[in-house]
Amino acid sequence: MDNSVAPMVITDDGLQETAISSKKNPSKGRWRAAIFIIFVEMAERFAYYGVAGNLFTYLTNVLGEPTATAAKNVNTWVGVSAIFPLLGGFIADSYLGRFKTIIASSVIYLAGLLLMTLSVSVQSLRPHRAVFFTALYILSIGEGGHKPCVQTFAADQFDEDTVEEKKDKSSFFNWWYVGIVVGSTTAILVVIYVQDNVGWGLGFGMLAAAVAAALLLFLIGIRSYRRQRPVGSPLTRVVQVLVAAARKLRVNETRYGRGVYLDDEGDGGAEEGGRRGGTLAPTNQFRFLDKATIIDDIDASTKVRNHWRLCPATQVEEVKLLFSLFPIWLSCLTFATVIAQMSTYFTKQGSTLERSIGSHFSIPPASLQVCTGLTILVSVGLYDRVLVPVARKFTGLPSGITMLQRIGTGIFFSMLTMVVAALVETKRISVAIDHGLTDSPRTTLPMKIWWLLPQYMLTGMCDVFTIVGMQELFYDQMPEEMRSIGAALYISTVGVGSLMSSAAISIVQAITSRAGEKWLGDNLNRAHLNYFYSVLAGCSALNLIVYIWVAKRFVYKKIGCDDPKGEQKKAAELA
């Protein structure tokens, strides 16, 4: 097919428009463009984890915050940073487009890092604490524009209508996450050491330099990108379906209807290049929304369609896709709450243990997070090169296992992580008791920090399955006009989970204080952190049951007359 020829489409208002899809340009996109964007994401993750990875230590050691307060502040910042992408994704899809949003957010991010560097370097700066937290939340704003757009923009470089590029896209999500891990792991190995042993100003300054270099690199690849224009607010299309369905709630198609509005020629044809994915096949879920497609006497008597009374079937199916993802989103929140412990209480545990290597080097407690990154690097390679080909022989799926199966496996690992963490913490407490150090929280226990390795490695396994699976699911199953919002939705699970972790800490402290023995206090030897981990393990087990129930009822998106086999089939395979 000659992709240079742009087809003409007729909109429902009778207007002609040339449908041009920049993704069809064979001279742009694919790995030649995606590699630029992967390196940009690596630099951004380097900056983010350079802040987040050691933020708990800065709050407790430099600003002097109590342990629980610092943990809640870290969780709140991570939560806000992961929820802002919902706004950023909406702005990108509706107004600016992904390319311009990435540039704007990078500039904001750089400004936040420069202010943070200034706040920790100039001792006379007053009030120091207020400036630091202002810089911290400027980073959240930058994160809000960056996160939902960069991954989606990179995935857009692969054409879903081409078999070869579709296969490349499936592999892309794995290697995209490898890039993220390389950036974050480098920050944990290098930046955290510099912050703890050289100076916080130099540490944060390195992050600002990385973001500036990333912005320059992104602009170097500008001619190779496949770019899409914003198509207006995608949420308007969702509200239109809800309003139209509500207005016809009492309409019976067989008695009062004049048929169903299918709009085979593409109602959204005027929207940038039409719908490259084709018409969505009808489904039986959320049947009340189908009322929006019924043509009644009022619709039949008008020459121009009222978008708030009558919606095409594909638009209705898009809203169904959004609704069907919401239960999956909810069932991943407990998983995110578990993962939030890595940057807070895991670090606190490490600070009480023997961390020396030889006589001159001591491991920063937050640096053990590098083990999570290394686990991900190894596991993603094994997953992509070993597990997927083997599973493909049994399932016939290009991805080996379904996206929901992958997410569910990670949720199981999150439960296992908390079980192991509780057992290790019980061992740590017994060592403190045996050596009479229960009331000496600042004394290093005669127990190596390597005892924490299993829980860090299991956290990495959680990410390989659930985080990567969610990335792919919330990209693949979202309507094309809402994919930036889809990326923001998956990211927001981390944010809401972090806020839930803060809430859980406050609730546990309030309840146990009334019982007479407060959990999660500053003295970790008496904080009963093992009990807290056990509670999270129990919640994860219940959540896994709920997730399986939800996943078995999920129906994958199907385009037109796609073969019902493969990954478009009902996700009952999870069982």
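Heads up: the structure comes first, above all this text.
A quick note: this is a predicted structure, and the numbers were derived from the prediction, not measured. (Residues numbered from 1 in each chain as written. Predicted model: local features only at pLDDT ≥ 70, side-chain atom pairs only at ≥ 80, totals over all residues. Heavy atoms only, no water.)

*Asks:* How should helix 15 (residues 453-476) be read in this particular structure?
*Replies:* Each α-helix turn comprises 3.6 residues. Residues three or four places apart therefore point the same way. With 24 residues, helix 15 extends 34 Å between its outermost C-alpha atoms, agreeing within 8% with the 34 Å of an ideal straight helix rising 1.5 Å per residue. Maximal helix bending in helix 15 amounts to about 30°, located at D463. Among the 24 residues that make up helix 15, 19 are buried, leaving the element largely enclosed by the rest of the structure. (Helix = DSSP H or I, 4+ residues; strand = E, 2+ residues; numbered from the N terminus. Expected span 1.5 Å × (residues − 1). Bend = angle between axes of the 7 residues up to and from the residue. Buried < 20%, exposed > 50% of the residue type's maximum accessible area, 1.4 Å probe, protein only.)

*Asks:* I tried to follow the environment of I357 on my own but got confused; where do I start?
*Replies:* Here I357 shows up in strand 4 (residues 356-357). Exposure remark for I357: the relative accessible area of 44% places this residue in the partly exposed category. If we ignore the near neighbours within four places in the chain, the residues touching I357 are I363 and W450. (Contact = heavy atoms within 4.5 Å.)

*Asks:* Looking at this structure, I do not really get the side chain of D296. What am I missing?
*Replies:* Relative to the assigned elements, D296 resides in the loop between helix 8 (253-256) and helix 9 (297-300). For D296, a relative accessible area of 9% translates into the label buried. Of note is the side chain of D296, whose polar atom sits 2.3 Å from the side chain of R309. (Polar contact = N/O pair within 3.5 Å; in protein donor to acceptor, adjacent residues only side chain to side chain.)

*Asks:* Help me out: how do you make sense of a nonpolar patch on the surface in this one?
*Replies:* Taken together, the side chains of V378, L382, V386, V390 and F394 present a nonpolar region at the surface, about 520 Å² in accessible area. For F394, the position within the fold is in helix 13 (residues 370-395). (Patch = residues over 30% accessible without salt bridge, like charges linked within 9 Å, V, L, I, M, F, W, Y side chains within 5 Å. Areas by Shrake-Rupley, 256 points an atom, 1.4 Å probe, with all protein chains shown as cover. Salt bridge = Lys/Arg side-chain N within 4 Å of Asp/Glu carboxyl O.)

*Asks:* Can you walk me through the side chain of T337 in this structure?
*Replies:* Among the structural elements, T337 can be located in helix 11 (residues 333-339). Judged by relative accessible area, T337 falls into the buried class, the value being 6%. When sequence neighbours within four positions are dropped, the list of residues in contact with T337 reads G497, M500, S501 and L536.

*Asks:* What's the story with the packing of helix 4 (residues 128-155) against helix 16 (residues 483-515) in this structure? I'm lost.
*Replies:* Think of two packed helices as two axes; the pair is described by the angle between the axes and how far apart they sit. Orientation of helix 4 relative to helix 16, taken along the N-to-C sense of each, is 120°, at an axis distance of 8 Å. Here helix 4 lies oblique to helix 16, going by the angle between them. In terms of crossing hand, the pair formed by helix 4 and helix 16 is right-handed. Mapping the contact onto sequence places K147, P148, C149, Q151 and T152 in helix 4 and R483, S484, A487, A488, Y490 and I491 in helix 16. Partitioning the contact of helix 4 with helix 16 into residue classes produces six nonpolar, three polar and two charged. (Axes fitted to C-alpha atoms, helices over the stretch in contact; angles between N-to-C directions. Parallel < 35°, antiparallel > 145°, perpendicular 65-115°, else oblique. Left-handed = near helix turned anticlockwise from the far one by under 90°. Nonpolar A, V, L, I, M, F, W, Y, C, P; charged D, E, K, R; others polar.)

*Asks:* Whenever I open this one, the packing of aromatic side chains confuses me. Can you help?
*Replies:* Aromatic ring pairs are defined here through the distance separating the ring centres and the angle between the ring planes. If you walk through the whole model with that rule in mind, you get 26 aromatic pairs. A centroid spacing of 5.3 Å and a plane angle of 70° characterise the contact between F153 and Y225, whose relative ring orientation is edge-to-face. Highlighted residues: F153 in helix 4 and Y225 in the loop between helix 6 (200-220) and helix 7 (234-247), separated in sequence by 72 residues. When sorted by exposure, F153 lands in the same class as Y225, which is buried. Ring centres of Y383 and F465 lie 5.7 Å apart, and the angle between their planes is 85°; on these two criteria the pair is classed as edge-to-face. Taken together, the residues span a long stretch of sequence, with Y383 in helix 13 and F465 in helix 15 at a distance of 82 residues. Looking at R45, its charged tip hangs above the ring of Y48, at a distance of 4.3 Å from the centre. (Phe/Tyr/Trp six-rings, centres within 6.5 Å; stacked < 30°, edge-to-face > 60°. Lys NZ or Arg CZ within 6 Å of the ring centre and 35° of its normal.)

*Asks:* Please explain the packing of helix 7 against helix 10 (residues 313-331) as it appears in this structure.
*Replies:* As a packed pair, helix 7 and helix 10 sit with axes 9 Å apart at the nearest point and diverge in direction by 105°. In terms of axis orientation, helix 7 runs roughly perpendicular to helix 10. Between helix 7 and helix 10, the residues in contact are R237, V238, Q240, V241 and L242 and Q315, V316, E318, V319, L322 and F323, respectively. Split into classes, the residues belonging to the contact of helix 7 with helix 10 amount to seven nonpolar, two polar and two charged.

*Asks:* Just to check I follow, could you spell out unusual backbone geometry for this structure?
*Replies:* Excluding glycine, residues mostly carry a negative phi; peptide bonds, for their part, are mostly trans. Phi is positive for F286, close to 50°, though the residue is something other than glycine. You can see F286 is positioned in the loop between helix 8 and helix 9. Phi is positive for L520, close to 60°, though the residue is something other than glycine. Examined against the element boundaries, L520 turns out to sit in the loop between helix 16 and helix 17 (529-551). Overall, L520 belongs to the buried group, its relative accessible area being 1%.

*Asks:* Please clarify how the pattern of salt bridges should be interpreted in this entry.
*Replies:* One pass over the full model with this rule turns up 15 salt bridges. Linking E318 and R237 is a salt bridge whose minimum nitrogen-to-oxygen distance equals 3.3 Å. Of this pair, E318 sits in helix 10 while R237 is found in helix 7, placing the two residues 81 residues apart along the sequence. For R237, a relative accessible area of 11% translates into the label buried. Of the charged contacts in the structure, one is a salt bridge between K248 and D299, with a shortest N-O distance of 2.5 Å. One end of the pair, K248, is in the loop between helix 7 and helix 8; the other, D299, is in helix 9, with 51 residues separating them in the sequence. Classification of D299 as buried rests on a relative accessible area of 9%.

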